[in-house]
Amino acid sequence: MKIRNIVHKGLKRLYAEDNAKGVPPDTVAKLRKMLAFLDDMQEPDELRALPSWKVHHADGRSQRNLEP
């Protein structure tokens, strides 16, 4: 699955040119891993299956960050 659009200029530069200018230096390694994962995905359901994409509320409810 190909990433089609990136709005943030620094993130777009990191993805297209592997140039970290414009993103916080302490996040570059994590962003590279995330972009590689997204680029290698075959189906959108792979992203929805990740437990880290959930928001946990104080009352115990959980909600996905992504729209279905």
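Residues numbered from 1 in each chain as written. Predicted model: local features only at pLDDT ≥ 70, side-chain atom pairs only at ≥ 80, totals over all residues. Heavy atoms only, no water.

Draft legend 1. Up close: helix H2 (residues 28–40). Taking 1.5 Å as the rise per residue, H2 with 13 residues should run 18 Å; its terminal C-alpha atoms sit 18 Å apart, in good agreement. Looking at the buried positions of H2, the neighbouring elements they touch are helix H1 (9–17). (Helix = DSSP H or I, 4+ residues; strand = E, 2+ residues; numbered from the N terminus. Expected span 1.5 Å × (residues − 1). Contact = heavy atoms within 4.5 Å.)

Draft legend 2. How the structure looks around the confidence of the model for the protein chain. Per-residue confidence for the protein chain averages 80 on the pLDDT scale, and 74% of its residues sit at or above 70. When pLDDT is averaged over each element of the protein chain, H1 comes out on top at 94 and strand E2 (residues 62–64) at the bottom at 54. (pLDDT = per-residue confidence, 0-100.)

Draft legend 3. Seen up close, unusual backbone geometry. One non-glycine residue, Asp-18, adopts positive backbone phi at about 55°. With respect to the helices and strands, the residue Asp-18 is situated in the loop between H1 and H2. Of the residues examined, Asp-18 reaches a relative accessible area of 49% and is grouped as partly exposed. (Buried < 20%, exposed > 50% of the residue type's maximum accessible area, 1.4 Å probe, protein only.)

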